[in-house]
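# Structural overview
The residues making up each chain are set out below.
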Amino acid sequence: KGSACEMNDTWAYDTNTNTWTRMSDGPRGRLGPRLAYDSESDRVILFGGSSSRDTWAYDFNSDTWTKMQPINRPKETNFQGLTYDVESDRVIMFRGCDDNSEFDDSVWAYDYNTDSWEELVPGEGPWPPSREYAVLTYDTESDRVILFGGIGDSLAESNKTWAYDYNTNTWTQMQLAGNPGAVPKQGMTYSEAADIVILFGGQRGWTDFKFIDKTWSDDFNSD
């Protein structure tokens, strides 16, 4: 509920029947929340959105949303990067920015089992500049979180690819032969069967509201 742009309905898609099913309504409607599936706990984790810093867990089997109560948590965040690190059993977030467009390059990890957020202080080496609309996905083969795109202070930073290792708390800038270019607001995920990251779409630059229909893939184990 809320404004026309801030819906709170939940939907589930079944590939076997090619159907969408409306589930129970979720938390307060908001723009820019992010979801990640915690496979160990079998919960979908939601964090943030406009003027929000709450954490929610969705159980598909019971069709219920539960508001979590972490003592420490990130500040209000929207359009951040969020993914689940299978090996470490943590939801990883690259924070991005808040409602006041204040950018933040902090990285946080959420543990559903202990209901706790931990800010990961940068280790040695380079660290990606802050941005919004960055997209994260977890590469199970290399045990790395992959970051690409987003809108920050520099257009040149938007077409760089980074890999994050939770175990060492370090970022590595990947050196790729080619990339999609500066395409914020894209979709990105990892195919475990093919062991490649798939990227689709995005916005052409920062101020041009034309959108791209191209698909890209890369195998980060070969970089």
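Remember, it's a predicted structure, so these values are computed and weren't measured experimentally. (Residues numbered from 1 in each chain as written. Predicted model: local features only at pLDDT ≥ 70, side-chain atom pairs only at ≥ 80, totals over all residues. Heavy atoms only, no water.)

## A closer look at the packing of aromatic side chains
Counted only if it meets this: Put simply, two rings from Phe, Tyr or Trp (the six-membered ring, in Trp's case) pair if the centres are within 6.5 Å, and we call them stacked under 30 degrees between planes, edge-to-face over 60, tilted for the rest. Numbering goes from the N terminus for both helices and strands, where a helix is a DSSP run of H or I of at least four residues and a strand is a run of E of at least two. Only protein chains enter the accessibility calculation, which uses a 1.4 Å probe; a residue whose area is less than 20% of its type maximum is buried, one above 50% is exposed, and one in between is partly exposed.
Taken as a whole and judged by the stated rule, the model has ten aromatic pairs. Ring geometry for Phe-94 and Trp-171: centres 5.9 Å apart, planes at 80 degrees, overall edge-to-face. Of the two residues, Phe-94 sits in strand 8 (residues 90-97) while Trp-171 sits in strand 16 (residues 170-173), which places them 77 residues apart along the sequence. Since its relative accessible area comes to 4%, Trp-171 is described here as buried. Through a chain of ring-to-ring contacts, the aromatic side chains of Phe-94, Trp-127, Trp-162, Tyr-164 and Trp-171 assemble into a single cluster.

## Structural notes on the nonpolar core
Nonpolar side chains tend toward joint burial in soluble globular proteins. To keep things clear, this is the line we draw: Remark: nonpolar core denotes a set of buried residues (Ala, Val, Leu, Ile, Met, Phe, Trp, Tyr, Cys) joined through side-chain atoms within 4.5 Å. The contact criterion used is simple: two residues touch if any of their non-hydrogen atoms lie within 4.5 Å.
Judged by nonpolar contacts, the single largest core of 15 residues is most densely connected at Ile-92, Phe-94, Val-107, Leu-147, Tyr-164 and Trp-171. Put simply, the parts of the chain that give this core at least two residues each are strand 8, strand 9 (103-111), strand 12 (135-139), strand 13 (144-148) and strand 15 (161-165). Those residues in contact with Val-107, other than ones at most four positions away along the chain, are Ile-92, Met-93, Phe-94, Glu-118, Glu-119, Leu-120, Trp-127, Tyr-164 and Trp-171. Counting residues in hydrophobic clusters, the runner-up holds twelve residues, among them Ala-36, Ile-45, Leu-82 and Trp-108.

## Considerations on the sheet that holds strand 17 (residues 187-191)
The test is simple: At least two bridges found by DSSP between two strands are what make those strands a pair. Lines fitted to the C-alpha atoms define the axes, with helices restricted to the stretch that makes contact. Angles between their N-to-C directions range from 0 to 180 degrees.
Ordered in space as 17-18-19, the three strands form an open sheet in which the pairing is antiparallel. Each end of this open sheet is capped by a strand with a single partner; those strands are strand 17 and strand 19 (215-218). Ignoring which end each strand starts from, the neighbouring axes of this sheet average 20 degrees apart. Two strands pair when backbone bridges link them, and strand 18 (residues 196-200) and strand 19 are joined in this way by four bridges, in the antiparallel orientation. Within strand 19, the position partnered with Ile-198 by the bridge is Ser-217.

## Description of the pattern of salt bridges
Definition in use: Any carboxyl oxygen of Asp or Glu within 4 Å of a side-chain nitrogen of Lys or Arg constitutes a salt bridge here.
If you walk through the whole model with that rule in mind, you get five salt bridges. Where Asp-111 meets Arg-90, a salt bridge forms, and the shortest distance between an N and an O atom there is 3.5 Å. With Asp-111 in strand 9 and Arg-90 in strand 8, the pair connects residues that are 21 residues apart, well separated along the chain. The class for Asp-111 is buried, based on a relative accessible area of 9%.

## Things to note about unusual backbone geometry
A positive phi angle, close to 55 degrees, is found at Asp-42, a residue other than glycine. The topology assignment puts Asp-42 in the loop between strand 3 (34-38) and strand 4 (43-47). The phi dihedral of Asn-169 is positive, around 55 degrees, even though this residue is not glycine. Among the secondary structure elements, Asn-169 is positioned in the loop between strand 15 and strand 16.

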